[in-house]
Number of protein chains: 4
Amino acid sequence: MSNTFGNRFRFTIWGQSHAPAIGVTMEGLPAGTAIDFDRLQRFMDRRAPGAKGTTPRKEADRPEFVAGLVDGITCGAPVTAIIYNQNVRRGDYDNLRHVPRPGHADYTAWVKYGDSRDHSGGGQFSGRLTAPLCIAGGICLQLLEEKGIAVEAKLIQVGPEKDPEKFMACIEAAAKAGDSVGGIIECCVSGLPAGLGGPMFDGMENRISQAVFGIPGIKGIEFGSGFAGSAQYGSQNNDPFYLEDGKVVTRTNAHGGILGGITSGMPIVFRVACKPTPSIAIRQDSVDLTNNQETKLSIHGRHDPCIALRAIPCVEAAAAVAVYDAILEE
Amino acid sequence: MSNTFGNRFRFTIWGQSHAPAIGVTMEGLPAGTAIDFDRLQRFMDRRAPGAKGTTPRKEADRPEFVAGLVDGITCGAPVTAIIYNQNVRRGDYDNLRHVPRPGHADYTAWVKYGDSRDHSGGGQFSGRLTAPLCIAGGICLQLLEEKGIAVEAKLIQVGPEKDPEKFMACIEAAAKAGDSVGGIIECCVSGLPAGLGGPMFDGMENRISQAVFGIPGIKGIEFGSGFAGSAQYGSQNNDPFYLEDGKVVTRTNAHGGILGGITSGMPIVFRVACKPTPSIAIRQDSVDLTNNQETKLSIHGRHDPCIALRAIPCVEAAAAVAVYDAILEE
Amino acid sequence: MSNTFGNRFRFTIWGQSHAPAIGVTMEGLPAGTAIDFDRLQRFMDRRAPGAKGTTPRKEADRPEFVAGLVDGITCGAPVTAIIYNQNVRRGDYDNLRHVPRPGHADYTAWVKYGDSRDHSGGGQFSGRLTAPLCIAGGICLQLLEEKGIAVEAKLIQVGPEKDPEKFMACIEAAAKAGDSVGGIIECCVSGLPAGLGGPMFDGMENRISQAVFGIPGIKGIEFGSGFAGSAQYGSQNNDPFYLEDGKVVTRTNAHGGILGGITSGMPIVFRVACKPTPSIAIRQDSVDLTNNQETKLSIHGRHDPCIALRAIPCVEAAAAVAVYDAILEE
Amino acid sequence: MSNTFGNRFRFTIWGQSHAPAIGVTMEGLPAGTAIDFDRLQRFMDRRAPGAKGTTPRKEADRPEFVAGLVDGITCGAPVTAIIYNQNVRRGDYDNLRHVPRPGHADYTAWVKYGDSRDHSGGGQFSGRLTAPLCIAGGICLQLLEEKGIAVEAKLIQVGPEKDPEKFMACIEAAAKAGDSVGGIIECCVSGLPAGLGGPMFDGMENRISQAVFGIPGIKGIEFGSGFAGSAQYGSQNNDPFYLEDGKVVTRTNAHGGILGGITSGMPIVFRVACKPTPSIAIRQDSVDLTNNQETKLSIHGRHDPCIALRAIPCVEAAAAVAVYDAILEE
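Chemist: Hey, could you go over the interface of chain B and chain D for me, with residue numbers and the actual values?
Modeler: Of the residues lining the interface, 43 residues belong to chain B; the matching set on chain D comes to 43 residues. Interface of chain B and chain D: buried area, both sides summed, is about 2,900 Å²; carbon and sulfur atoms make up 58% of it. Across the chain B-chain D interface, the total number found is twelve residue pairs in polar contact (both at pLDDT 80 or more). Within the residue set of the side of chain B that touches chain D, elements represented by two or more residues are strand S2 (10–15), strand S3 (21–27), strand S4 (64–67), strand S5 (69–70), strand S6 (73–74) and strand S7 (79–84) of chain B. Broken down by element, the residue count for the side of chain B that touches chain D peaks at five residues, all from S2 of chain B. Taken together, the residues of the side of chain B that touches chain D sort by class into 20 nonpolar, 16 polar and seven charged.

Chemist: Break down the sheet that holds strand S7 (residues 79–84) of chain C for me, with residues and values.
Modeler: All names here are of chain C. If you trace the five strands from one edge of the open sheet to the other, you get S1-S2-S3-S7-S4, paired in antiparallel fashion. The two strands at the open ends of the sheet, each matched to only one other strand, are strand S1 (4–5) and strand S4 (64–67). By the bridge criterion, two bridges tie S1 to strand S2 (residues 10–15) in an arrangement that is antiparallel. Counted as the bridge partner of Phe5 is Phe11 from S2.

Chemist: Got a sec to walk through the interface of chain A and chain B? Specific residues and values, please.
Modeler: In this complex, chain A contributes 102 residues to the contact, which on the side of chain B involves 102 residues. It is Phe201, Lys219 and Phe241 of chain A that lose the most area in chain A upon contact with chain B, and together they represent 11% of the buried surface on that side. Close ionic contact of Glu330 of chain A with Lys112 of chain B constitutes a salt bridge, the shortest N to O distance being 3.0 Å. On inspection of chain A and its partner chain B, the count reaches 49 residue pairs in polar contact (both at pLDDT 80 or more). If one sorts the elements of the side of chain A that touches chain B by residue count, strand S10 (residues 218–223) of chain A sits on top with six residues. When grouped by side-chain class, the residues that make up the side of chain A that touches chain B number 49 nonpolar, 39 polar and 14 charged.

Chemist: Any chance you could break down the relation of the copies chain B and chain D for me, citing the residues and the numbers?
Modeler: Note on the identical chains: chain B maps onto chain D by a rotation of 180° and an axial translation of 0.0 Å, with an RMSD of 0.0 Å. Both copies are brought into coincidence by an operation consistent with a two-fold rotation axis. Looking at the rotation axis and the C-alpha trace of chain B, the residue lying nearest is Thr25 of chain B, at 3.8 Å. When you check the interface residues of chain B against chain D, 100% turn up at the interface there too, and the contact is symmetric in its surfaces.

Chemist: Describe in detail the packing of aromatic side chains, supporting the description with residues and values.
Modeler: To describe a pair of aromatic rings, you give the distance between the ring centres and the angle between the ring planes. As enumerated under the stated definition, the model contains 46 aromatic pairs over all chains in all. Judged by centre distance (5.4 Å) and plane angle (55°), the rings of Phe201 of chain C and Phe5 of chain D are tilted. Linking Phe201 of chain C in the loop between strand S9 (183–190) and helix H5 (204–212) with Phe5 of chain D in strand S1 (residues 4–5), this pair reaches from one chain into another. Relative accessible area serves as the criterion here: at 3%, Phe5 of chain D is assigned to the buried category. The rings of Phe5, Phe9, Phe11 and Tyr324 of chain A together with Phe201 of chain B are connected pair by pair, giving a single aromatic cluster. Its guanidinium or amino end placed over the ring of Tyr242 of chain C, Arg251 of chain C lies 4.2 Å from that ring's centre, counting from NZ or CZ.

Chemist: Please provide a residue-by-residue account of the pairing of strand S16 (residues 284–288) of chain A, values included.
Modeler: Residue and element names in this part refer to chain A. Taken across its five residues, S16 has four buried, putting it largely inside the fold. Across five bridges, the pairing between S16 and strand S17 (residues 293–297) is antiparallel. By the bridge assignment for S17, Ser286 is matched with Thr295. Connecting S16 to the antiparallel partner S17 that follows it, the hairpin turn spans four residues, and Asn292 within it adopts a positive phi of roughly 50°.

Chemist: Could you give an account of the packing of helix H3 (residues 130–146) of chain A against helix H8 (residues 307–328) of chain A, naming the residues involved and the relevant values?
Modeler: In a pair of packed helices, the angle between the axes and the distance between the axes together describe the arrangement. Residues and elements named next belong to chain A. At a closest axis distance of 7 Å, the pairing of H3 and H8 adopts a crossing angle of 55°. Between H3 and H8, the interaxial angle falls into the category oblique. For the crossing formed where H3 meets H8, the hand is left-handed. Residues Thr130, Leu133, Cys134, Ala136, Gly137, Cys140, Leu141, Leu143 and Leu144 of H3 form the contact with H8, whose own contacting residues are Pro313, Cys314, Glu316, Ala317, Ala320, Val321, Val323, Tyr324 and Ile327. Of the residues in the contact of H3 with H8, the class split is 15 nonpolar, two polar and one charged.

Reading the values: rules and limits
Positions within a chain are numbered from 1, following the residues in the order the chain's sequence is written. For naming, the first written chain is A and the first written ligand is 1, with later ones following in the order written. Two thresholds apply to this predicted model, a pLDDT of at least 70 for residue-level local features and 80 or more for giving and counting side-chain atom pairs, whereas whole-chain, interface and lining totals are computed over all residues. With hydrogens and water excluded, all non-hydrogen atoms of the structure serve as input to the side-chain values. Any pair of residues with heavy atoms lying within 4.5 Å of one another is described as a contacting pair. Using a 1.4 Å probe, buried area is obtained as the accessible area two parts lose upon being combined, added over both of them. Polar contact is the term for a pair of N or O atoms within 3.5 Å; when the atoms are in protein, one must be able to donate a hydrogen and the other to accept it, and sequence-neighboring residues count only if both atoms are side-chain atoms. Strands are runs of DSSP state E lasting at least 2 residues, helices are runs of H or I lasting at least 4, and numbering of each runs from the N terminus. Basically, the charged four are Asp, Glu, Lys and Arg, the nonpolar ten are Ala, Val, Leu, Ile, Met, Phe, Trp, Tyr, Cys and Pro, and anything else, Gly included, counts as polar. At least two bridges found by DSSP between two strands is the condition for calling them paired. When a carboxyl oxygen of Asp or Glu lies within 4 Å of a side-chain nitrogen of Lys or Arg, that pair is called a salt bridge. The least-squares superposition of copies is restricted to C-alpha atoms, and to residues with a pLDDT of at least 70 in both copies. When the centres of two rings from Phe, Tyr and Trp lie within 6.5 Å, Trp using its six-membered ring, the rings pair. Their planes under 30 degrees apart give stacked, over 60 give edge-to-face, and anything left gives tilted. Between buried and exposed lies partly exposed: a residue is buried under 20% and exposed over 50% of the maximum accessible area for its type, with that area taken using a 1.4 Å probe on protein chains only. By definition here, charges over rings are those cases where NZ of Lys or CZ of Arg is within 6 Å of the ring centre and within 35 degrees of the ring normal. Between the N-to-C directions of two axes lies an angle of 0 to 180 degrees, each axis being a line fitted to C-alpha atoms and, for a helix, fitted only over the stretch in contact. Should an angle fall under 35 degrees it is called roughly parallel, over 145 degrees roughly antiparallel, and 65 to 115 degrees roughly perpendicular, with every other angle called oblique. Each crossing gets its handedness from the near helix: less than a right angle anticlockwise from the far helix is left-handed, clockwise is right-handed.

Nothing here speaks to function; it is geometry throughout.
Right, dumping it as structure tokens:
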């Protein structure tokens with residue numbers, strides 16, 4: 001099903017941007033797992049709006065755990081966490097109800113679900129649904145850390161800009177122009193044991209991709225040398241094995257920590273392409289679906305000029321759930 | 001499970017390079033489906049060795065259908081097709097048994113499965129396992145065509161070379177040097193209805209990625225404008241809607257035919273990064289796993305200098321199974 | 001996963017008896033489905049405590065729908081319904097914490113989840129978790145009725161008693177004696193189309209069994225003539241086909257509406273064996289798990305003397321989710 | 001999917017009675033597992049025809065392992081075993097092609113798959129498909145035995161007869177009368193650890209039921225005291241805990257080794273109701289589906305008068321795959 005991820009650690013994300021609540025139900029967390037709620041909140045806060053370069057803060061996303069815990073410790077039952085939506089202004093987007101925003105899921109949602117779709121605030125396609133992903137991922141990050149595994153993502157490109165010092169300026173310029181800008185995030189998972197994953201369709205690339213493409217706006221992923229590696233020769237791209245303190249390691253990491261779908265023990269390194277926020281103030285061409293007429297549309301309201309910024313913790317969360325699930329399968 | 005793909009059209013690929021056989025078991029093909037075996041064979045032949053730039057031909061991959069058909073038509077039972085391996089020389093690779101080839105799954109297979117792994121010919125990690133994928137995909141291609149859906153992949157880059165006229169020269173030069181070279185394949189799925197797929201984890205990007213990363217050697221995938229789109233502004237990357245013969249279409253296709261995980265009706269366009277064949281004649285550093293000593297290794301024998309060549313029909317097959325599965329879910 | 005059921009209509013039940021809440025998350029309900037909440041509540045009320053022969057009423061189980069609906073109509077997103085637990089007295093069962101009740105999951109929960117298990121009120125093993133099942137089932141019952149399909153369960157035996165007029169007397173006598181009593185429920189699903197289900201592991205018997213054994217206390221299920229049919233000859237147990245208004249029907253229904261795992265168009269008829277409530281006031285032998293000493297235990301508090309009574313709507317719910325899921329697969 | 005069972009040990013059964021082959025593809029067997037083929041064959045032989053009271057022997061069911069093994073030991077890849085069908089007489093049943101046999105899947109197969117169904121020999125609904133189940137189950141039985149777990153099934157009733165000494169006479173009398181007879185099989189799984197399975201939909205009752213109803217002709221299942229337990233009082237049906245050599249055990253086993261879906265460490269005991277073979281020589285009423293006319297039908301040819309006989313090892317196989325799968329999940 002579309003909103004469910006994982007084999008052994010399996011979770012379902014639910015909710016819509018302007019529904020009473022959003023949340024996540026998780027199966028497979030081992031009984032006896034303590035959750036550090038303060039730390040989880042700090043992780044959640046990284047994707048919350050309000051930071052520089054993001055939409056004005058409207059609300060804290062504080063998950064309420066209503067099942068699966070006893071005194072903050074998992075009891076073996078499914079764990080459900082809820083975030084009640086506040087600050088919901090259901091009418092806000094009514095003028096867009098039948099005029100799909102270019103680059104958005106508005107049109108495809110209308111095709112798939114018809115007039116019953118929840119259009120308000122992007123409904124189930126809203127970036128807001130990455131909050132429950134961050135609950136699941138934030139818990140996995142804690143569990144991975146106990147095993148010495150760290151997950152860290154960072155922006156490595158904003159629009160055409162590759163110098164981190166110029167990222168904010170690029171975003172602000174786009175915002176000022178009523179425009180938006182894309183970005184590339186790189187994520188590294190270190191401290192992994194060799195042997196996680198498997199061949200074919202449930203390999204680490206497949207799993208991480210499945211999780212990462214669950215984040216709205218992601219349009220590409222590459223592992224290790226990725227697309228650049230395709231321009232190379234085997235003698236350049238192969239990573240020679242050698243011994244370090246008696247352990248088999250590779251001199252380079254063009255394979256991005258994954259060979260045959262299985263972790264090699266080297267860090268998993270991948271990059272994801274984040275498209276520019278589709279919601280922009282600049283006037284765009286669209287179609288009115290009620291009367292099948294071409295029309296123009298301008299989008300007002302609060303929008304992140306660069307969703308890649310807030311996607312950083314989401315990418316960490318996606319990597320964490322995929323890796324933790326693979327660990328539970330061992 | 002690692003060798004199984006799909007929700008409604010679900011198949012399991014089995015076999016190893018030097019096992020008695022390889023094959024595929026498929027569930028979900030509607031009863032009454034006629035398979036055009038000649039056409040399937042021609043599709044299979046596209047990935048077979050022997051074509052220019054590939055390893056010398058050793059055997060025809062002729063699937064034998066042993067279950068699920070009556071007079072060449074599906075009867076509603078699972079369909080199983082087998083290819084018996086011929087020309088198997090199990091001893092060929094014995095000198096490599098404990099010296100993992102850089103860039104290969106040799107090392108991770110040893111970590112995961114230990115000495116019981118099937119090392120011969122790459123075992124279950126062999127590119128040979130893409131033959132069963134092409135059986136499943138070849139059947140789906142026929143079923144998609146009946147619905148007016150075409151899937152077409154092509155090489156758009158070989159090593160650093162982007163001019164198709166120079167692809168073979170680049171591959172031959174690599175081969176002559178005992179080296180190999182990577183490549184990029186672009187795939188286009190046209191004729192699609194809008195509305196296939198869904199949000200989050202079972203969207204079209206997720207499904208196609210899961211299938212495509214099942215092909216050995218693929219290290220990246222991007223949809224529509226992909227990584228290049230990340231360098232752009234929303235005003236450039238958004239695809240304006242307009243009407244063509246009363247139908248909603250987009251003027252450009254930076255979204256690669258997918259919005260919110262759901263097909264828009266525009267062609268799905270994606271590109272995959274294929275790494276250089278890891279097996280090269282050039283001497284490389286490795287480690288002998290029996291005595292944990294560093295050593296050197298040279299790989300002899302028949303190897304494609306550019307696996308991207310033979311991966312082309314495999315990418316079509318991967319796209320076809322993912323799309324057909326999504327169609328059955330409607 | 002243990003708390004998830006279904007292929008196309010898939011739901012996960014979560015919560016514990018004394019957690020802040022219990023609930024259900026459902027995927028696969030078609031967009032545009034109107035839910036009749038009053039009717040759902042009336043269905044829920046049938047399993048609520050307080051009726052004659054059940055525990056004293058403590059609370060109304062009123063599901064709150066927090067996601068997946070817009071104005072009471074499904075929008076295509078997962079639907080989540082929550083029941084906040086009131087009247088929770090977490091200390092109530094502390095004396096039983098390490099003395100497992102015979103016939104209960106206390107002991108196996110302790111083995112599986114250790115001291116982290118939620119013991120209070122039976123935790124995730126509580127019959128209370130059938131309330132979310134009734135939410136899912138109650139919605140399916142409405143959707144089935146729109147297709148002309150009716151699901152009706154009834155008690156056909158209480159303890160040794162087969163005369164419905166004596167059921168309440170039998171239950172009351174058991175209660176007065178500090179004891180409990182079992183029962184048998186028969187369920188009939190009528191108005192079904194022929195052709196639902198499939199052979200082998202996903203047939204209608206398999207699906208209904210999987211759902212029904214999700215209800216605590218069910219220890220057996222039989223379809224059509226069931227165990228009695230095993231005592232017969234083929235000439236007695238085979239159901240002859242004939243035509244009724246041009247439609248193929250059977251003269252008898254020993255097959256219980258299912259042949260080869262597939263519905264025949266005749267009503268699905270099955271019976272389930274419900275064990276006596278394990279919680280009884282009569283003193284029983286048990287073991288103290290803290291010091292591994294044999295001990296005695298008497299269970300006080302509110303308990304249904306015959307769980308079969310409240311299991312009736314749960315059996316309807318289980319049948320409904322299994323049948324509706326099979327319908328969505330067509 | 002209908003022909004697939006299991007979570008961690010997952011297998012797909014394929015083939016039809018008169019297809020070129022039947023077989024099974026298994027994922028999840030740990031690498032390094034040695035299979036005792038002689039023993040597997042002896043187990044297979046128990047369900048083969050030819051024994052007293054069964055159809056005349058026509059062929060040995062000798063599985064050929066074509067993938068997943070190296071020198072008889074699993075290598076971590078999926079394991080595929082094939083049995084080529086011999087002695088196939090596709091024309092044999094042509095007179096029955098459009099006249100469904102009462103009690104058989106003929107009619108429902110026609111409804112579901114139409115004229116494309118494989119009618120010959122019962123197609124995919126044939127009891128012959130239990131041979132691949134016995135391959136999977138036979139391997140699991142070996143793996144369970146290594147863990148000290150034994151699975152043993154036996155006939156406890158044939159038609160109305162409960163005295164084993166009279167079983168063969170009862171079967172022979174039915175055969176002589178051109179009739180058939182049902183039976184009840186009891187299965188015991190001993191040596192189990194406590195803690196396998198889980199609550200709700202993936203408990204041991206659910207899993208075993210799902211597997212067992214995969215055997216054609218099974219119409220009921222009960223665990224422990226089952227239906228008889230429903231006629232009792234809690235004080236009779238509860239199994240008191242006590243200590244035996246310091247281990248928690250129960251004095252009786254009305255719970256059939258399962259509490260809350262989880263094994264208690266006591267033997268799992270269940271009984272299954274096997275209907276009388278539907279194929280009988282006695283003339284029966286049916287309908288000609290080609291012209292929608294009522295007609296009569298007599299079934300000739302080789303048929304077991306009591307399928308319960310050959311179902312005994314199949315029930316063991318079903319129990320074994322369900323239990324082994326649960327063990328792998330720990």
